[in-house]
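# Structural overview
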Amino acid sequence: MVLLRQLLGDVLRQLRLRQGRTLREVSAAARVSLGYLSEVERGQKEASSELLSSICKALGVPLSHVLRDVADQLALAELQHEPVMAGAPEHDRIPAESIPETPEGITGELRADMVAA
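- Identification of the protein chain as Transcriptional regulator with XRE-family HTH domain from Actinomadura algeriensis is taken from an unreviewed UniProt entry.

### Observations regarding the environment of alanine 28
- For alanine 28, the location among the structural elements is in helix α2 (residues 23-30).
- With a relative accessible area of 56%, alanine 28 lands in the exposed category.
- Measuring from C-alpha to C-alpha, the distance between alanine 28 and alanine 58 comes to 8.5 Å, with 30 residues separating the pair along the chain.

### Some thoughts on helix α4 (residues 49-59)
- Every buried residue of α4 is accounted for by Leu51, Leu52, Ile55, Cys56, Ala58 and Leu59. Down the axis of α4, the buried side of the element spans an arc of 160°, and every buried residue falls inside it. Opposite its buried face, α4 presents the exposed residues Glu50 and Lys57, each directed more than 90 degrees away.
- On its buried face, α4 is in contact with α1 (4-18), α2, α3 (34-41) and α5 (63-81).
- Where α4 terminates, the next one or two residues include glycine 60, which has phi positive at roughly 75°.

### Some remarks on the side chain of serine 27
- Among the secondary structure elements, serine 27 is positioned in helix α2.
- Under the relative-accessibility criterion, serine 27 is labelled buried at 5%.
- Those residues within four positions of serine 27 in sequence are excluded, and the remaining contacts are Val32, Ser33, Leu34 and Leu37.

### Quick look at the environment of leucine 51
- Of note, leucine 51 is situated in helix α4.
- We classify leucine 51 as buried; its relative accessible area is 13%.
- Along the primary structure leucine 51 and leucine 37 are separated by 14 residues, whereas in three dimensions their C-alpha atoms are 9.4 Å apart.
- Among all residues touching leucine 51, those that are not within four sequence positions of it are Val32, Tyr36 and Val40.

Parameters at a glance
Residues numbered from 1 in each chain as written. Predicted model: local features only at pLDDT ≥ 70, side-chain atom pairs only at ≥ 80, totals over all residues. Heavy atoms only, no water. Helix = DSSP H or I, 4+ residues; strand = E, 2+ residues; numbered from the N terminus. Buried < 20%, exposed > 50% of the residue type's maximum accessible area, 1.4 Å probe, protein only. Arc of directions from axis to C-beta. Contact = heavy atoms within 4.5 Å.

See below:
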């Protein structure tokens, strides 16, 4: 089972590392303890919406961007763990070969729909 807090922590850690920043730098900017931020990044703590907002501000990224990345990864994890819809008629099942192997394989399709709306 995929836990939302683990995906969220992974996305936050990836953003921080891409920026070349340390936990200490981000925790100070977000005004959250170093240990707590570390636990959030490792998926051990559920972050409140206020804390997420503060971390995102410290990273200089919109909360909506982080949540979109988490949603994309969650969608991919769901597809990879359940390639066919349980109990669905054969014609409604998702063929295994059509499941993307990376989040980038599904984001264009999802984000195009979001932009068009």
